[in-house]
Amino acid sequence: MTEDDNILLIGKISRKRLDLASMLDQVTRKTRDDMQADVCALLMMDEQGQVLSLKSAQGLTQAAVNAVRLPKDRGVCWRVARERRPVALPVAGDDPDYFFVPEAGENRSASMAAAPIIDEDGEFIGVFYIQRHQGGGSAEADAQALEKVAGKVAGAIRAARDFERQVEKAQSMSELNNTARLINATNHSELILSHTGDCVRNLIGARACSIWLVEGERPVLKSFTGQGVELPGTLTHVVEQALRSREIINIPDVTNEVVFKGLTSSARASLTLAPMVFENKSIGVAVMADRKTPKEGYYTAFTGEEIKAFKDLIQTTTQALIRARTHRMLEDALEENRNNMRELSILFQLSMAMQRAISLDDLLRVILSCVTVGAGLGFNRAILFLINESTGLLQGMIGMGPDSAEDAGRIWSQSDSRPSEELVGWLLERKTEGPPSAFDSMARSLRFSITGPGASAVIRSVIVSKQATLINGVWDMNDTDKELHHALGCDQFALIPLIAKDNVQGAILVDNKYDQKPISHMDMKLLARFAAPAAWAIENIRLLERLSTVSKELIRLETQMAKVERMSTLGEVAAEMAHEIKTPLVSIGGFARRLLNEGLKKEETKRYVEIIVNEVERLEKMLRNALDISKGVSMHIESADLNGIVEEAINFYWRIINENQVETVLSLSRDIENVSMDPVWIRQVVINILLNAIEAMSTKQGERKLTLVTEPAPNRKGWVSLKISDTGGGIDMMTQDDVFEPFFTTKPHGTGIGLTLAKKIVRMHYGDLEIDNKPGVGVTFVINLPCHMIPGSPAAV
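Given the structure is predicted, the values throughout are model-derived calculations rather than measurements.

Novice: Quick question: what am I supposed to make of the overall build of the protein here?
Specialist: Helix and strand content of the protein: 19 helices and 25 strands. Taking contacts inside the protein between residues at least 6 apart in sequence as the whole, the part at least 24 apart equals 64%.

Novice: For this particular structure, what's the right way to read the sheet that holds strand 15 (residues 447-448)?
Specialist: Across a sheet, paired strands are connected by hydrogen bonds in the backbone, their directions being either parallel or antiparallel. One open sheet accounts for six strands, arranged 15-14-13-18-17-16; its pairing is antiparallel. The open sheet has two edge strands with one neighbour each: strand 15 and strand 16 (469-471). Two strands pair when backbone bridges link them, and strand 13 (residues 381-387) and strand 14 (residues 394-400) are joined in this way by six bridges, in the antiparallel orientation. Note that in strand 14 the partner of Ala-382 across the bridge is Met-400. Running at roughly 30° to strand 17 (residues 493-500), helix 12 (residues 457-465) makes contact with strand 13, strand 14, strand 15, strand 16, strand 17 and strand 18 (503-511) of the sheet.

Novice: Please clarify how empty space enclosed by the protein should be interpreted in this entry.
Specialist: Which parts of space are left empty comes out when a probe the size of a water molecule is rolled across the atoms. Under the definition given, this model contains three cavities of 30 Å³ or more. In this structure, the largest cavity is lined by 15 residues; those nearest its centre are Leu-70, Cys-77, Phe-99, Glu-106 and Tyr-129. For the lining of the largest cavity, a count of residues per class yields 13 nonpolar, one polar and one charged.

Novice: Looking at this structure, I do not really get a nonpolar patch on the surface. What am I missing?
Specialist: Taken together, the side chains of Leu-544, Leu-547 and Val-550 define a hydrophobic patch exposed on the protein surface, amounting to about 270 Å² of accessible area. Position of Leu-544 relative to the elements: it lies in helix 14 (residues 521-595). For Leu-544, a relative accessible area of 53% puts it in the exposed group.

Novice: What exactly am I supposed to notice about the pattern of salt bridges here?
Specialist: Where charged atoms from two side chains of opposite charge approach closely, those side chains can pair. Going through the model one piece at a time under the given rule, you end up with 32 salt bridges. With its nearest N and O atoms 3.4 Å apart, the salt bridge here joins Asp-73 to Arg-82. By relative accessible area, which is 45% here, Arg-82 ends up partly exposed. Among the salt bridges present, the one from Arg-291 reaches Glu-306, with a minimum N-O distance of 2.6 Å. Placement of the pair is Arg-291 in strand 11 (residues 281-292) and Glu-306 in helix 7 (residues 304-355), with a sequence separation of 15 residues. Judged by relative accessible area, Arg-291 falls into the buried class, the value being 18%.

Novice: Honestly, the pairing of strand 14 in this entry has me stumped. Any pointers?
Specialist: Put simply, side chains in a regular strand alternate between the two faces of the sheet. For strand 14, the buried fraction is high: six of the seven residues fall into the buried class. Hairpin connection from strand 13 to strand 14: six residues lie between these consecutive antiparallel strands, with Gly-392 at a positive phi of about 75°. Here strand 14 runs beside strand 15; their pairing, made up of two bridges, is antiparallel. When the bridges of strand 15 are listed, Gln-395 appears paired with Arg-447.

Novice: In this structure, what is going on with the nonpolar core? I would like to understand it.
Specialist: One recurring pattern in soluble globular proteins is that nonpolar side chains are buried together. Ranked by internal contacts, the top residues of the largest apolar core, which has 47 residues, are Ile-689, Leu-706, Leu-769 and Ile-783. Looking at this core, the elements with two or more residues in it are helix 16 (642-652), helix 17 (654-659), strand 21 (675-677), helix 18 (679-698), strand 22 (705-712), strand 23 (719-725), helix 19 (754-764) and strand 25 (778-786). Sequence-distant contacts of Leu-769, that is, excluding residues within four places in its chain, are made with Ile-689, Phe-740, Ala-758, Lys-759, Val-762, Phe-781, Val-782 and Ile-783. In this structure, Leu-363, Ala-382, Ile-519 and Phe-530 belong to the second largest nonpolar core, which totals 32 residues.

Novice: Whenever I open this one, the sheet that holds strand 4 (residues 87-89) confuses me. Can you help?
Specialist: An order of 3-2-1-6-5-4 is seen for the six strands of this open sheet, with the pairing classed as antiparallel. If you trace the sheet from one side to the other, it starts and ends with strand 3 (69-71) and strand 4, each paired once. For this sheet the average axis-to-axis angle between neighbouring strands, irrespective of direction, equals 20°. Bridge count between strand 2 (residues 51-58) and strand 3: three bridges; the pairing is antiparallel. Bridging from a neighbouring strand, Ser-53 pairs with Arg-69 of strand 3. Its contacts with the sheet put helix 4 (residues 139-184) on strand 1 (39-45), strand 4, strand 5 (111-118) and strand 6 (124-132), and the angle it makes with strand 5 is roughly 40°.

Novice: Can you walk me through helix 16 in this structure?
Specialist: The periodicity of an α-helix, 3.6 residues per turn, causes residues three or four positions apart to be oriented the same way. Counting buried positions over the eleven residues of helix 16 gives eight, a clear majority of the element. For helix 16, the full list of buried residues reads Leu-642, Asn-643, Gly-644, Ile-645, Val-646, Ala-649, Ile-650 and Phe-652. Its side-chain oxygen placed 3.1 Å from the backbone nitrogen of Asn-643, Asp-641 serves as the N-cap of helix 16.

Novice: Would you mind showing me how to read the packing of helix 18 against helix 19 here?
Specialist: Angle between the axes and distance between the axes are the two parameters that describe a pair of packed helices. Closest axis-to-axis distance for the helix 18/helix 19 pair is 9 Å, and the angle between their directions is 145°. Between helix 18 and helix 19 the crossing geometry is left-handed. Two secondary-structure elements touch here, helix 18 through Trp-681, Ile-682, Val-685, Asn-688, Ile-689 and Asn-692 and helix 19 through Gly-754, Leu-755, Leu-757, Ala-758, Ile-761 and Val-762.

Novice: Help me understand the packing of aromatic side chains in this model?
Specialist: Aromatic ring pairs are defined here through the distance separating the ring centres and the angle between the ring planes. Under the defined criterion, the tally for this structure stands at two aromatic pairs. Ring centres of Phe-652 and Tyr-653 lie 4.8 Å apart, and the angle between their planes is 85°; this geometry places the pair in the edge-to-face category. If you follow Arg-716 out to its NZ or CZ, it ends over the ring of Trp-719, 3.9 Å from the centre.

Novice: Quick question: what am I supposed to make of the environment of Leu-384 here?
Specialist: Residue position: Leu-384 is located in strand 13. Leu-384 sits in the buried class, given a relative accessible area of 0%. Taking C-alpha positions, Leu-384 is 7.4 Å from Leu-364, a pair spaced 20 residues apart along the chain. For Leu-384, the residues in contact, after removing those within four places along its chain, are Leu-364, Ile-367, Leu-368, Gln-395, Gly-396, Met-397, Ile-398, Leu-498, Ala-507, Ile-508 and Ile-538.

Novice: So what exactly am I meant to see when it comes to the environment of Arg-529 here?
Specialist: Relative to the elements of secondary structure, Arg-529 occurs in helix 14. Put simply, Arg-529 and Glu-343 are 186 residues apart on the chain and 9.1 Å apart in space, counted from C-alpha to C-alpha.

Novice: What am I meant to see in the side chain of Asp-95 here?
Specialist: For Asp-95, the position within the fold is in the loop between strand 4 and strand 5. A polar atom in the side chain of Asp-95 sits 2.9 Å from the backbone nitrogen of Asp-97.

Definitions and limits used
- Residues numbered from 1 in each chain as written.
- Predicted model: local features only at pLDDT ≥ 70, side-chain atom pairs only at ≥ 80, totals over all residues.
- Heavy atoms only, no water.
- Helix = DSSP H or I, 4+ residues; strand = E, 2+ residues; numbered from the N terminus.
- Contact = heavy atoms within 4.5 Å.
- Pairing = 2+ DSSP bridges.
- Axes fitted to C-alpha atoms, helices over the stretch in contact; angles between N-to-C directions.
- 1 Å grid on protein atoms, 1.4 Å probe; cavity = no way out; pocket = protein on both sides within 12 Å on 5 of 7 lines; lining within 4 Å.
- Points joined across faces, edges and corners; volume = space filled by probe spheres on them.
- Nonpolar A, V, L, I, M, F, W, Y, C, P; charged D, E, K, R; others polar.
- Patch = residues over 30% accessible without salt bridge, like charges linked within 9 Å, V, L, I, M, F, W, Y side chains within 5 Å.
- Areas by Shrake-Rupley, 256 points an atom, 1.4 Å probe, with all protein chains shown as cover.
- Salt bridge = Lys/Arg side-chain N within 4 Å of Asp/Glu carboxyl O.
- Buried < 20%, exposed > 50% of the residue type's maximum accessible area, 1.4 Å probe, protein only.
- Core = buried A, V, L, I, M, F, W, Y, C linked by side-chain atoms within 4.5 Å.
- Polar contact = N/O pair within 3.5 Å; in protein donor to acceptor, adjacent residues only side chain to side chain.
- Left-handed = near helix turned anticlockwise from the far one by under 90°.
- Phe/Tyr/Trp six-rings, centres within 6.5 Å; stacked < 30°, edge-to-face > 60°.
- Lys NZ or Arg CZ within 6 Å of the ring centre and 35° of its normal.

Treat this as a map of the structure, not an account of what it does.
This is how it looks when you write it as C-alpha cells:
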C-alpha cells in the first residue's frame, strides 16, 4: 500500500466513535507499523499550555503513558510546539533540546522525527513523533509523513479530547464539591486541614501536601500529609514569597530551578504553592509536591487543570478556616460573656451587700464573707488590712476562714447550700457567733511596716507600687516576708490593694490553704474587680462616720452663723444707706442754704423747695424699701417709663455733672415699651452707676463723656436695654471680676456696696447687669430688663 493509502486508513480510525485513549493507541500503532518505526508516541498539551503529557506510546514502557510530562520549554517536543513545524533529528541525543526520560525506555542514539498536531482552526493539540533505533529511513521524510498524519487526525483527537476534558471536569467538580462539603461541615481547623490534604493527595494526585498559616508575621507549618518526611525549612523562603505576591507559584522542575534554590530536599520533581488570601490579606500558603504517576517512584509536574483545581480547593479551605476562626472567636466571646455575666452578677450582689452595711465593722465582715463564701469568690481564707492613719502601719482588721480542714468542710457545706439569689440577705444576716476564731484573732494581731529596711517586700510591693501580687511559693518571698509566711502557714497566697481616690487604704489577702486549689489569673482578675468597689465602700463608710462625728458641731455652728448672717445683713443695709443718703442730703443742704439768701427770686425759691421736698420723699421711700429688703418684703411693681427715670436722674444731678465738666449724651429710644418695675429702686440703680462714672472721670485728664442709651434688647424679644458708658479709663483687669462683690472698693471713702446693691436690685426684677470693660478707655454698664413680670413677685435677693 502506498503512503497515501496508509494515511487514509489512519484517518478512518480517527473517525470511529472511540474514547480518546483507544483512538490514540490505534493511531500510534498503525503509524508505527506503516512507517516501520521502533517507537511512535503522541503527547498532548494541557488546557493551560504548561505541560506536554505522554498520552499514547508504541515501543516505549507502557507505564510511561500518562506518567511522563514534559515541563514547559523542556525537550524537542516543546520546540515543535513553539515553532509549530516538524523536526527531523538523525541522532536525537545530539540535539541540545533533547530531554532524555529514561523511565520511558527511550534510546539516545535513535533518530527522531516529530510533527505538531494542529486542527483546522489553528489550535495546537500536541506532538506526534517516531524514533528509529538503527537510524533507517530518512528523518526528513518521516517528519513530512507525520505532518500529513497529524493533519488527518487533529480534528478527531480534539473532539475526543474536549469530550474527555468535560467528563474529567465533571468528575473533578463532583469530587471537589464532596470535599468542599466535608470541609464546610466542620468548624474545627484541624479537620479542615486534614480534609484538604487528603483531597490534594487523592484527587489531584500530589505526593505530599503541607499547609502553612501566618502567626504573627511568620508562616508556621500547621499540617502535613503524604509520603516521605515533612517538608523542611528550605521551603520557607518560597512560602514567604507566595505570601507576599499572593499569586500561584508553580515550579515544574525543582532540579533545574534557578530562582528558588535548594528545593530538591523538599520535593523530588515539582512544587506548586497557592496563597490563602481573604479580603486581600494572606493568611497562609498551601503547598503540593510531586505529581504521582502510575510508575512507582516516578513523579512529574502538575498540569494546568490540576493547578486550577488546587487553587479552587485552597480558596474553599481559606474561607472555611476564616469561618472556623470566626466561629471560635464567637464561642470564646460567648464563653467570656457568660463568665463576665456570672462575675457581674456576683459583683453586683456583693456590691449591694456592701452598700447596705451601716458600720465599718459590718462592712468589713460583709467584704470578707463575699471573698470566702462559695457563691461569691470562693477563697478558703481571707484577711482584710487597713492602713492605720496614726501609726502608718498596715493593720489586720478582720480574718475570715476555717481553723482546720474539718472546720472548712462544715462551713462550706452550709454556705454552698445557700441559693445565689439569697446571697445579699445571707451576707448581711451572717453573724459570727461565740468567741473569735483562732484565724480571726491571728489576723487582728498582725501589724506590718510599709516602708523602711525591715518592711516586708511583698507588703511594700502591694502598698507602695499599688500592684496585685500572687505568691506561688517560698521562692517568691525573701527574709523580710518570714513573719507573714509563718503567720499564714501557706506557701501560695495573693494580696490585692484597696485603692480609692488613687490612695491605698489597705489590702485583702486570700489563700486556698485547705483545698489547695491554685489561684489562677482569672481568680486574680475577679478579685481585683471586687477590690475596687470594696475600697470605695470602705472610703464611704469612713466618710459617713466622720460626718456623723461633726454633724452636731455643724448644727451648732449653723445656728450661730444664722445669727451672724442676720447681723451682717443689717450692717450691710446700714452701710449702704449711709452711702446712698449722703449725696441727697448734701443736695438738700445746698438748696436750703440758698433759700437763706434773701436775694433769691420767688420762682427760684419755689424750685429749690420743690427739689428739697422731692428728695426728702425719695429718702423716706428709700428707707421704707430698705426696711422691706431687710425683712424680705417684696417691692412695689408698676409699669414705668425707663426713659423718664433716666432723664430724672440726669436732671437731678445736673449740678454735679456741670461741676465735673462732664459732657452728657442721651440716646433714648422712643420704641421701647414700659417696664414692670419698682421705679424708685431702678432710679437708684441708675444713680449708683451714674455717680460711679462721674467720680471715675473726675480724676482723669482729657475727654469726660457720659453716654446713656436705651433700646430694645438685641435678640431678646420683650426686653429693654440701658447702657451707661463713661470715659473714666476702665477697670483694672485684675479687679474686674470683683466689682460686684460686697465691700469691694478702690475709693478711699467708699463702702463697696453701691454696685452690689445695684446688681441685686436688677436681679430682683429678673434682669441682668453686665460690664463691657475697656481698660484705658472706659467702661459700659449694660442693664437688661424684661418688659413684663408678675406684679408683686420679684426675685428674692
